[in-house]
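Reading the structure
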Amino acid sequence: MALRAFLRHDDLFSDVPEDLLDTIIERGSEQQVPAGRELVRQDQSGGGLHVLLEGSADVVINGKQVATLSPGDYFGEMSLIDKAPHSATVVSGPEGAKTFILSPVTFQGLLDLSPHCDRVMLKILTRRVRRLEQAARIDLV
């Protein structure tokens, strides 16, 4: 599937205006990585926002795998927002991974460019909080 169509169908970017989506695609980049490669490392900064396009990736916290990501999932957003180091390591899965990346500098430029990007960030944060709430409910049962 072409990048534009993929991002348009990902609910993170589904309601982004066409001209802004064009800018996001122009300023981002795609990265193909082999199996077992670290995409971001826990306690390190940088890395940007990654959207998984193909393959899978494992989320590892303190050496323990806690989740597996699939196409459409994203990571790195919290470090972009608060500029703190990554809270997890993300490693490409057994078939490798292809990601679309917005670097920290590019991401900040997009936030400055369009107020719509603020709404995208609110969606990201809301999803993250809801996932944490759901995990907490499961742990309480």
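Structural notes, computed from the coordinates.

With respect to the overall build of the chain
Assigned secondary structure in the chain consists of five helices and six strands. Secondary structure elements of the chain, listed N to C terminal, follow the sequence α-α-β-β-β-β-β-α-β-α-α. Expected size for 141 residues packed as a compact globule is a radius of gyration near 14 Å; at 15 Å, the chain falls within 12% of this value. The buried share of the chain, reckoned over its 141 residues, is 42%. In the chain, the proportion of contacts linking residues at least 24 apart, taken out of those at least 6 apart, comes to 71%.

With respect to the packing of helix α2 (residues 18-27) against helix α4 (residues 104-113)
Where α2 meets α4, the closest approach of the two axes is 10 Å, and the angle between their N-to-C directions is 160 degrees. One way to sum up the angle between α2 and α4 is to call them roughly antiparallel. Crossing handedness for the pair α2 and α4: right-handed. Facing α2, whose interface residues are L20, T23, I24 and R27, α4 presents T106, G109, L110 and L113. Residue composition of the contact of α2 with α4, grouped by class: four nonpolar, three polar and one charged.

Quick word on the pattern of salt bridges
Applying the stated criterion across every chain, the model contains five salt bridges. For E30, the salt bridge identified is with K98, shortest N-O distance 3.1 Å. Taken together, the residues span a long stretch of sequence, with E30 in strand β1 (residues 29-33) and K98 in strand β6 (residues 89-102) at a distance of 68 residues. Owing to a relative accessible area of 41%, E30 belongs among the partly exposed residues under this scheme. A salt bridge links R41 to E38; its shortest N-O distance comes to 2.9 Å. By relative accessible area, which is 40% here, R41 ends up partly exposed. Through salt bridges with shared partners, a single network forms among R4, R8, E18 and D22.

Quick notes on the nonpolar core
If you look at the biggest cluster of nonpolar residues, it comprises 22 residues, and the most contacted ones within it are L7, F13, V16, I24, V51, F100 and L102. With four residues, the top contributor of residues to this core is helix α5 (residues 116-140). Beyond its immediate sequence surroundings of up to four residues, L102 is in contact with I24, R27, G28, G48, L49, L80, F107 and L110.

What counts, and at which threshold
- Residues numbered from 1 in each chain as written.
- Predicted model: local features only at pLDDT ≥ 70, side-chain atom pairs only at ≥ 80, totals over all residues.
- Heavy atoms only, no water.
- Helix = DSSP H or I, 4+ residues; strand = E, 2+ residues; numbered from the N terminus.
- Rg over C-alpha atoms; globule rule 2.2 N^0.38 Å.
- Buried < 20%, exposed > 50% of the residue type's maximum accessible area, 1.4 Å probe, protein only.
- Contact = heavy atoms within 4.5 Å.
- Axes fitted to C-alpha atoms, helices over the stretch in contact; angles between N-to-C directions.
- Parallel < 35°, antiparallel > 145°, perpendicular 65-115°, else oblique.
- Left-handed = near helix turned anticlockwise from the far one by under 90°.
- Nonpolar A, V, L, I, M, F, W, Y, C, P; charged D, E, K, R; others polar.
- Salt bridge = Lys/Arg side-chain N within 4 Å of Asp/Glu carboxyl O.
- Core = buried A, V, L, I, M, F, W, Y, C linked by side-chain atoms within 4.5 Å.

That's the geometry; what it means functionally is another story.
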